[in-house]
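Results of the structural survey
Next come the chains, spelled out residue by residue.
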Amino acid sequence: MAKKKRVDSEPDSQLNNQLQNEPSCVNGSNSDDKTHKKKKKKKHMEEKSIELKERPTVSIALPGSIIHNAQTLELATRLAGQIARAATIFRIEEIVVFDNKISSPGDSSFTLPDSSEENETGSAFLIRILNYLETPQYLRRTLCPWHNSLKLAGMLPPLDAPHHLRKHEWGTYREGVILKEAAAESGLSLADVGLNKNVVIDQVLEPGTRVTVAMGTNRQLDDKPRQVVSSSKPREEAGAYWGYKVRYAANISSVFQSCPYQGGYDHLIGTSEHGLFFKSSELTLPPFRHLLIAFGGLAGLEECFEEDKNLKGKKPSDVFHSYLNVCPNQGSRTIRTEEAVFISLQYFQEPIDRALQNV
């Protein structure tokens, strides 16, 4: 499966530069007061700088084996589309797709129609669709090479996320892809950002690399180089949701151990019909930097733990800080994972908002 490459630049250090360039305290009878005020101001700016760089994130994890429950390619594609829509609606920053042991060797791959030889595992199929939907439409031809798994992806409703800008729309930031040709005069890279004209960026990067470009407010598409920034900058500076990242984990223990965030996930939530129940209005979550909500497959998280050798002898309640049943008294014997994602993310909205107020 083709992987999208993405370049993130270092976070903006403007606030830190302001702190370093603060004028020294002047002499006079009020110097102590001024020193105190200056220290207070410096502390406030440092706190603001940290806040800009470290906005809390919410991730979800689910098994790729849920694809095996779909009888046709169309149903499998729609299932993946539901996951992508839920993640976007509830502003999820990361989707982790993990593998768990398959009951029989014949179930190890999802069979595509027309006797295709391009069969792939449920996890690979789910990841491919999730990445395709997250990619802005004008970049898909370049970043999402044709695969039989994408045959019906065009019928899915678009995510319509803030970074999926139309050609006539102007945004402070736009997603782009580096082109093979370079700028004639400067030799810098050109990027296709979905506008009528390609833009020059301030770096020389490998063609095919996905980048986030700071477009600014000047709508003149001249040859002035535009800055490549971190893909997290639109969220950190403007509070804009900028899509999700997709990560693969070989098993559920790798979901926790291979966390891309510094310090790992500081609060883990597992969802199960065997978990504890609290009303959403009564559930209190601690302040967090990186929250993970995990979902099980057909037999729940309990089976995922039983099949992971790294978690031998452990129960989900031993690992998760919160192990919850968000839909008690269900009328159906089972709640499908794609349904559980929507139900759970809505359930956690208020508790998450209350926890973030204390960060």
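Residues numbered from 1 in each chain as written. Predicted model: local features only at pLDDT ≥ 70, side-chain atom pairs only at ≥ 80, totals over all residues. Heavy atoms only, no water.

**Some details on the overall build of the protein**
Counting its secondary structure elements, the protein contains 11 helices and 12 strands. Each of the 359 residues in the protein was classed as buried or not, and the buried ones make up 47%. The long-range fraction of contacts in the protein, counting pairs at least 24 apart against all pairs at least 6 apart in sequence, stands at 73%. With an accessible surface of roughly 19300 Å², the protein has 48% of that area assigned to carbon and sulfur atoms. (Helix = DSSP H or I, 4+ residues; strand = E, 2+ residues; numbered from the N terminus. Buried < 20%, exposed > 50% of the residue type's maximum accessible area, 1.4 Å probe, protein only. Contact = heavy atoms within 4.5 Å. Areas by Shrake-Rupley, 256 points an atom, 1.4 Å probe, with all protein chains shown as cover.)

**A word on the confidence of the model for the protein**
When pLDDT drops low, the exact placement of atoms in the prediction is not to be read closely. Put simply, the protein has an average pLDDT of 84, and 80% of its residues get 70 or more. Strand E11 (residues 290–294) holds the highest mean pLDDT among the elements of the protein, 98, whereas helix H1 (residues 14–20) holds the lowest, 39. In this model, residues 1–5 is a region of pLDDT below 50 whose contacts with residues beyond four sequence positions or in other chains number 15 contacts. Considering only residues more than four positions removed or in separate chains, one finds that residues 102–109, a stretch of pLDDT under 50, has 9 contacts. (pLDDT = per-residue confidence, 0-100.)

**Comments concerning the environment of Gln-330**
By the element assignment, Gln-330 lies in the loop between strand E12 (322–324) and helix H10 (337–347). The class of Gln-330 is partly exposed, set by a relative accessible area of 25%. Residues Gln-330 and Glu-273 lie 57 residues apart in sequence; the distance between their C-alpha atoms is 9.1 Å. Each residue touching Gln-330, except ones within four places of it in the same chain, is listed here: Glu-273 and Ile-335.

**Quick notes on the nonpolar core**
In summary, soluble globular proteins display a tendency toward joint burial of nonpolar side chains. Ranked by internal contacts, the top residues of the largest apolar core, which has 48 residues, are Ile-60, Ile-95, Tyr-244, Ile-293 and Phe-348. Put simply, the parts of the chain that give this core at least two residues each are strand E2 (57–63), helix H3 (73–89), strand E3 (94–98), helix H4 (122–134), E11, H10 and helix H11 (349–356). The biggest single contributor to this core is H3, with 8 residues. Residues contacting Ile-60, with those up to four places away along its chain left out, are Ile-92, Glu-94, Ile-95, Val-96, Leu-292, Ile-293, Phe-295, Val-341 and Leu-345. Core analysis: the next-biggest nonpolar cluster, separate from the first, contains 19 residues, Phe-98, Phe-256, Tyr-265 and Leu-311 among them. (Core = buried A, V, L, I, M, F, W, Y, C linked by side-chain atoms within 4.5 Å.)

**Focus: the pattern of salt bridges**
Across all of its chains, the model carries 10 salt bridges by this definition. In this structure, Arg-235 and Glu-93 form a salt bridge, with 4.0 Å as the shortest nitrogen-oxygen distance. Remark: Glu-93 occurs in the loop between H3 and E3 and Arg-235 occurs in helix H6 (residues 233–238); sequence separation between them is 142 residues. Where Arg-336 meets Glu-338, a salt bridge forms, and the shortest distance between an N and an O atom there is 2.6 Å. (Salt bridge = Lys/Arg side-chain N within 4 Å of Asp/Glu carboxyl O.)

**Points about unusual backbone geometry**
The phi dihedral of Arg-91 falls on the positive side, at around 60 degrees, and the residue is not glycine. The partly exposed category is assigned to Arg-91, whose relative accessible area is 40%. One non-glycine residue, Asn-329, adopts positive backbone phi at about 55 degrees. If you trace the backbone, Asn-329 turns up in the loop between E12 and H10. We classify Asn-329 as exposed; its relative accessible area is 80%.

**Points about the sheet that holds strand E10 (residues 267–276)**
Across the sheet, which stays open at both edges, the 6 strands sit in the order E9-E3-E2-E11-E10-E12 with parallel pairing between neighbours. Both outer strands of the open sheet, strand E9 (245–249) and E12, are each paired with one neighbouring strand and no more. With strand direction ignored, the average angle separating the axes of adjacent strands in the sheet is 25 degrees. Summarising the sheet, E10 and E12 pair through 4 bridges and their orientation is parallel. Looking across to E12, one finds that Thr-271 is bridged to Leu-324. Along the sheet face, H4 touches E2, E3 and E9 and points at about 160 degrees away from the line of E3. (Pairing = 2+ DSSP bridges. Axes fitted to C-alpha atoms, helices over the stretch in contact; angles between N-to-C directions.)

**Re the packing of H3 against H10**
Where H3 meets H10, the axes come as close as 9 Å, and the angle between the chain directions of the two elements is 10 degrees. By the angle between their axes, H3 is roughly parallel relative to H10. Across the interface between the two elements, Leu-79, Gln-82, Ile-83, Arg-85, Ala-86 and Ile-89 from H3 touch Glu-338, Val-341, Phe-342 and Leu-345 from H10. Split by residue class, the contact of H3 with H10 holds 7 nonpolar, 1 polar and 2 charged. (Parallel < 35°, antiparallel > 145°, perpendicular 65-115°, else oblique. Nonpolar A, V, L, I, M, F, W, Y, C, P; charged D, E, K, R; others polar.)

**Considerations on the side chain of Glu-94**
Note that Glu-94 resides in strand E3. A polar contact of 2.6 Å, which involves the side chain of Glu-94, links it to the side chain of Tyr-265. Look past the residues within four positions of Glu-94 in its chain and what remains in contact with it is Val-58, Ser-59, Ile-60, Tyr-244, Lys-245, Arg-247, Pro-260, Tyr-261 and Tyr-265. (Polar contact = N/O pair within 3.5 Å; in protein donor to acceptor, adjacent residues only side chain to side chain.)

**Re the packing of aromatic side chains**
For the structure on display, the rule yields 7 aromatic pairs. Seen in terms of ring centroids, Tyr-261 and Tyr-265 are 6.3 Å apart; in terms of plane orientation they differ by 75 degrees. Their pairing is edge-to-face. Taken together, a centroid distance of 5.0 Å and an interplanar angle of 85 degrees make the contact between Tyr-347 and Phe-348 edge-to-face. Take Tyr-347: its relative accessible area is 9%, and that puts it in the buried class. Through a chain of ring-to-ring contacts, the aromatic side chains of Phe-256, Phe-305, Phe-320 and Tyr-323 assemble into a single cluster. Above the face of the Tyr-132 ring, Arg-140 is positioned so that its terminal group lies 4.5 Å from the ring centre. (Phe/Tyr/Trp six-rings, centres within 6.5 Å; stacked < 30°, edge-to-face > 60°. Lys NZ or Arg CZ within 6 Å of the ring centre and 35° of its normal.)

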